[in-house]
Amino acid sequence: MSANTGELVAIAFTVRPRGLRGELVADLLTDFPERFEGLEEVTLIKPDGEKDSLKIEDFWFQKNRVVLKFAGVDSIETAQTIVNAQVCVPEGDAVELEAGEFFDWQLEGCTVLTLEGKKVGLVRELMRTGGTELLVVADEEEKGRDHLVPFAETICVEVDIENKIIRIDPPDGLLDF
């Protein structure tokens, strides 16, 4: 699932209805959960690609997830129709990051090259492990194979988001299978 949908950025992903009044439990896709404060309207992108603009009536956090209550979604049946949807905001409303910080969606699709210029593959996703995040890099030559590259400054020595290139200095054995 890509968190970048063109001009929209996904901040949550609805996973199931909660209760009888149409609330939805959603996985957080943002490192800034405080962004829900003052957020009034979002765009939902359903699995079939259909987009809906919805107003947030209420929200609260529960066990590392967010529970959302949307205006007009007042039953478990209605909530069920928007399960597995991305909850998005305009890219221009994305939280400002410090230098050297990146959104997951900015990294996805970047070409990974070694310092010598050898192409490793394309970033499919950023995997959060609780420690150092890992870039999941799809190896185009070895169909179906992925490289897990620690997203650490000592390995990912250059991140050029504008040109969608990440240059790595891999330790011995990192790119071996």
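Residues numbered from 1 in each chain as written. Predicted model: local features only at pLDDT ≥ 70, side-chain atom pairs only at ≥ 80, totals over all residues. Heavy atoms only, no water.

Trainee: For this particular structure, what's the right way to read the environment of Glu 41?
Mentor: Summarising the element assignment, Glu 41 is placed in strand E3 (residues 41-45). Taking the C-alpha atoms as reference, Glu 41 lies 11 Å from Asp 58; in sequence the two are 17 residues apart. Setting aside residues up to four positions removed in sequence, Glu 41 forms contacts with Ser 53, Leu 54 and Lys 55. Within polar-contact distance, the side chain of Glu 41 engages the side chain of Ser 53 at 2.4 Å. Of the polar contacts made by the side chain of Glu 41, one reaches the side chain of Lys 55; its length is 3.0 Å. (Helix = DSSP H or I, 4+ residues; strand = E, 2+ residues; numbered from the N terminus. Contact = heavy atoms within 4.5 Å. Polar contact = N/O pair within 3.5 Å; in protein donor to acceptor, adjacent residues only side chain to side chain.)

Trainee: Whenever I open this one, the sheet that holds strand E12 (residues 165-168) confuses me. Can you help?
Mentor: In a beta sheet, neighbouring strands are held together by backbone hydrogen bonds and run either parallel or antiparallel to one another. If you walk across this open sheet you meet the six strands as E10-E9-E8-E7-E12-E11, and the pairing is mixed. Two strands bound the open sheet, and with one partner strand each, they are strand E10 (145-150) and strand E11 (156-160). In this sheet, adjacent strand axes meet at a mean angle of 35° when their direction is disregarded. In this structure, strand E8 (residues 119-127) lies alongside strand E9 (residues 134-139), joined through five bridges in antiparallel fashion. (Pairing = 2+ DSSP bridges. Axes fitted to C-alpha atoms, helices over the stretch in contact; angles between N-to-C directions.)

Trainee: Explain the packing of aromatic side chains here, please?
Mentor: Any aromatic ring pair is given by two values, namely how distant the centres are and how the planes are angled relative to each other. Considering all chains together, one arrives at three aromatic pairs under this definition. For the ring pair Phe 36 and Phe 59, a centre distance of 5.8 Å and an interplane angle of 35° mean the geometry is tilted. In this pair, Phe 36 sits in the loop between strand E2 (23-28) and E3 while Phe 59 sits in strand E4 (residues 51-62), placing the two residues 23 residues apart along the sequence. In this structure, Phe 36 and Phe 59 share a single accessibility class: buried. Here the aromatic rings of Phe 36 and Phe 61 are separated by 6.2 Å at their centres, their planes lie at 80°, and the arrangement is edge-to-face. Within this pair, whereas Phe 36 is found in the loop between E2 and E3, its partner Phe 61 is found in strand E4, the two being separated by 25 residues in sequence. (Phe/Tyr/Trp six-rings, centres within 6.5 Å; stacked < 30°, edge-to-face > 60°. Buried < 20%, exposed > 50% of the residue type's maximum accessible area, 1.4 Å probe, protein only.)

Trainee: I would appreciate a short explanation of the layout of surface pockets in the present structure.
Mentor: Picture a little ball the size of a water molecule; that probe, rolled over the atoms, points out where space is still empty. By volume, the second largest pocket amounts to about 170 Å³. Lining the second largest pocket, in full, are Gly 100, Phe 102, Phe 151, Ala 152, Glu 153, Cys 156, Val 157, Glu 158 and Val 159. Here the residues of the lining of the second largest pocket are counted per class, giving six nonpolar, one polar and two charged. (1 Å grid on protein atoms, 1.4 Å probe; cavity = no way out; pocket = protein on both sides within 12 Å on 5 of 7 lines; lining within 4 Å. Points joined across faces, edges and corners; volume = space filled by probe spheres on them. Nonpolar A, V, L, I, M, F, W, Y, C, P; charged D, E, K, R; others polar.)

Trainee: What am I meant to see in the pairing of E9 here?
Mentor: Looking along a regular strand, one sees the side chains alternate between the two faces of the sheet. When you tally the buried positions in E9, you get five out of six residues, the bulk of the element. Counting the residues that bridge the hairpin from E8 to E9 gives six residues, and of these Gly 130 lies at a positive phi of roughly 100°. Sheet topology places E9 next to E10; six bridges connect them, and they run antiparallel. In the strand pairing of E10, Ala 138 is matched with Asp 146.

Trainee: Got a minute to help me understand the side chain of His 147 in this structure?
Mentor: Residue placement: His 147 occurs in strand E10. A relative accessible area of 5% means that His 147 is categorised as buried. Of the polar contacts made by the side chain of His 147, one reaches the side chain of Asp 139; its length is 2.9 Å.

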